[in-house]
Amino acid sequence: MTELSEPPYLRIAADIRRRIATGELAPGDRVPSTRRLAQDWGVALATATKALTTLQLEGAVEARPRIGTVVARPPQLPRPSPSPAAAARPPAGSAVRDQELSQERIVRAAIEIADAEGLAALSMRGVAARLGVAAMSPYRYVSSKDELIALMADTAYGEAVHPAVPPAGWRARLELGAEALWQVCRRHPWIAHIGPLGRPLVLPNLMAHGEWLLSALEGHGLDATTMFDVHLLIYSHVQGLAVHLERELQAQAATGLTDEEWMARQEASLRTIVASGRYPAVTRTLTGFPNGDYDLDLDALFRLGLRALLDGITHIVEG
């Protein structure tokens, strides 16, 4: 059997193995994302996912949330590629895995894919490939990708548990509630890209966050509309900054450049702007950073914005 007659996922996996063996990809290096593999090899996302899953099962690579799939430390020797006859057969034990399948396992596998590769890399076939089951098996437990995403979001929001005894004061409670939402987005950057304000997600665990925020505002003489507006402002502040968490990952996957490398390529353009004299306030700011550079810290920006937002809300709640 020629190389071209092998299943595409085996060819992709073999190429990544070669790059690891030659040192082109070192331990800790990010391997191409499923989207990049799908583009470069002209295959479906599920095929790219199956290739990475094969390497994960061998111990050659590992998935890291908010980073992607990287070469394992230390790299393990790959198992021999299956023979053509074996590749054509269903994976050994797939029937057993099908029997052990559950909605919870499917949702957890989907969350792992979205955490590592982004929501765009998620597909029902990709989840099946990750679990080592037949492509249609997940549909016995989840009717569609939309339902799967809703279950993923509900599971993710459920990871943040509010204390049984809330802190004193409405402001402390809003701060704690916003921080809980922010940490959910930190762990699962994809979650900020679903559920626009006009079409909210009706999920029990998301409702628990709303309950926490709204109950903090009760007893201050606010009408229902004002209370709900304030609650949405808090949620929107979290979501508005959190969308950049996944965009950063997408930009790095698309360009292959870290943030520092990308900024280094912008230095010539920035120098031209500074030298033009057309933007004096921008120039004074760019040249006024303590260490000569601005270090974007989304956590610090989130808390600065939250503090300013709550300062303004104080006038509404206590005015």
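Residues numbered from 1 in each chain as written. Predicted model: local features only at pLDDT ≥ 70, side-chain atom pairs only at ≥ 80, totals over all residues. Heavy atoms only, no water.

With respect to the overall build of the protein chain
Logical step 1: Across its full length, the protein chain carries 15 helices and two strands.
Logical step 2: Expressed as a percentage of the 319 residues in the protein chain, the buried residues total 39%.
Logical step 3: Put simply, of all contacts in the protein chain between residues at least 6 apart along the chain, 71% involve residues at least 24 apart.
Logical step 4: For the protein chain, the accessible surface area stands at approximately 17,300 Å², while carbon and sulfur atoms represent 56% of it. (Helix = DSSP H or I, 4+ residues; strand = E, 2+ residues; numbered from the N terminus. Buried < 20%, exposed > 50% of the residue type's maximum accessible area, 1.4 Å probe, protein only. Contact = heavy atoms within 4.5 Å. Areas by Shrake-Rupley, 256 points an atom, 1.4 Å probe, with all protein chains shown as cover.)

Some points on a negative patch on the surface
Logical step 1: Where like charges cluster on the molecular surface, the negative patch consists of E248, D259, E260, E261, D293, D295 and D297.
Logical step 2: Here the negative patch takes three residues from helix α12 (residues 259-265), the largest share from any one element.
Logical step 3: With respect to the element layout, E261 can be found in helix α12.
Logical step 4: You can call E261 partly exposed: its relative accessible area is 39%. (Patch = residues over 30% accessible without salt bridge, like charges linked within 9 Å, V, L, I, M, F, W, Y side chains within 5 Å. Salt bridge = Lys/Arg side-chain N within 4 Å of Asp/Glu carboxyl O. Lys, Arg positive; Asp, Glu negative; His and termini not counted. Charge placed at Lys NZ, Arg CZ, Asp CG, Glu CD.)

What to know about the packing of helix α3 (residues 45-58) against helix α7 (residues 124-131)
Logical step 1: Closest axis-to-axis distance for the α3/α7 pair is 8 Å, and the angle between their directions is 20°. Between α3 and α7, the crossing angle belongs to the class labelled roughly parallel. Of the two possible hands of crossing, α3 and α7 adopt the one that is right-handed. Residue-level inspection shows A46, T49, K50, T53 and Q56 of α3 in contact with α7, the latter providing R125, G126, A129 and R130.
Logical step 2: Residue classes in the contact of α3 with α7 are distributed as two nonpolar, four polar and three charged. (Axes fitted to C-alpha atoms, helices over the stretch in contact; angles between N-to-C directions. Parallel < 35°, antiparallel > 145°, perpendicular 65-115°, else oblique. Left-handed = near helix turned anticlockwise from the far one by under 90°. Nonpolar A, V, L, I, M, F, W, Y, C, P; charged D, E, K, R; others polar.)

What to know about helix α10 (residues 204-217)
Logical step 1: Here α10 contains 14 residues, and its C-alpha end-to-end distance of 20 Å stays within 8% of the 20 Å for a straight helix at 1.5 Å per residue.
Logical step 2: Among the residues of α10, those classed as buried are L206, H209, G210, W212, L213, S215, A216 and L217. (Expected span 1.5 Å × (residues − 1).)

Here's the deal with the nonpolar core
Logical step 1: Ranked by internal contacts, the top residues of the largest apolar core, which has 58 residues, are L122, V127, L148, M152, W190 and I191.
Logical step 2: Of all the secondary-structure elements, those providing two or more residues to this core are α6 (103-117), α7, α8 (145-157), α9 (170-187), α10, α11 (224-255) and α15 (298-318).
Logical step 3: The biggest single contributor to this core is α11, with nine residues.
Logical step 4: Contact partners of L148, with chain neighbours within four places excluded, come to I106, V107, A110, L122, M124, V127 and V142.
Logical step 5: If you look at the next biggest cluster of nonpolar residues, it comprises 16 residues, including Y9, A13, L55 and V71. (Core = buried A, V, L, I, M, F, W, Y, C linked by side-chain atoms within 4.5 Å.)

Quick notes on the environment of L101
Logical step 1: One can find L101 in the loop between α5 (94-100) and α6.
Logical step 2: Contact partners of L101, with chain neighbours within four places excluded, come to I106, L131, V133, S137, P138 and Y141.

Some words on the pattern of salt bridges
Logical step 1: Across all of its chains, the model carries ten salt bridges by this definition.
Logical step 2: Taking the shortest distance from any N to any O, the salt bridge between E175 and R171 comes out at 3.6 Å. Within this pair, E175 and its partner R171 are both found in helix α9, separated by four residues, close to a single helical turn.
Logical step 3: On the accessibility criterion, E175 (34% relative accessible area) is partly exposed.

Some thoughts on the side chain of H162
Logical step 1: Mapped onto the fold, H162 is located in the loop between α8 and α9.
Logical step 2: Setting aside anything within four residues of it in sequence, one finds H162 in contact with L176, G177, A180, A208, H209 and W212.

Considerations on α9
Logical step 1: Counted at 1.5 Å a residue, the expected span for α9 with its 18 residues is 26 Å, and the 26 Å between its end C-alpha atoms agrees.
Logical step 2: The set of residues buried in α9 consists of W170, R173, L174, G177, A178, A180, L181, W182, V184 and C185.

A short note on the packing of aromatic side chains
Logical step 1: Tallied over the entire structure, the rule returns two aromatic pairs.
Logical step 2: On the numbers, 5.5 Å between centres and 35° between planes, the contact of F289 with Y294 is tilted.
Logical step 3: K50 extends its terminal NZ or CZ atom over the ring of Y9, reaching a point 4.3 Å from the ring centre.
Logical step 4: For R173, the ring lying beneath its charged end belongs to W212, and the centroid distance is 5.0 Å. (Phe/Tyr/Trp six-rings, centres within 6.5 Å; stacked < 30°, edge-to-face > 60°. Lys NZ or Arg CZ within 6 Å of the ring centre and 35° of its normal.)

Details of the packing of helix α1 (residues 8-21) against α3
Logical step 1: Between α1 and α3, the shortest axis-to-axis distance is 8 Å and the interhelical angle comes to 50°. Judged on the interaxial angle alone, α3 and α1 are oblique. Judged by the twist between their axes, the crossing of α1 over α3 is right-handed. Residues P8, Y9, I12, A13, I16 and R17 of α1 form the contact with α3, whose participating residues are T47, K50, A51, L52, T54, L55 and E58.
Logical step 2: Looking at side-chain class alone, the contact of α1 with α3 contains eight nonpolar, two polar and three charged residues.

A word on the confidence of the model for the protein chain
Logical step 1: Residues of the protein chain with pLDDT of at least 70 account for 88%, and the chain-wide mean is 84.
Logical step 2: The low-confidence segment residues 75-94, where pLDDT is below 50, has 19 contacts with residues more than four positions distant or belonging to other chains. (pLDDT = per-residue confidence, 0-100.)

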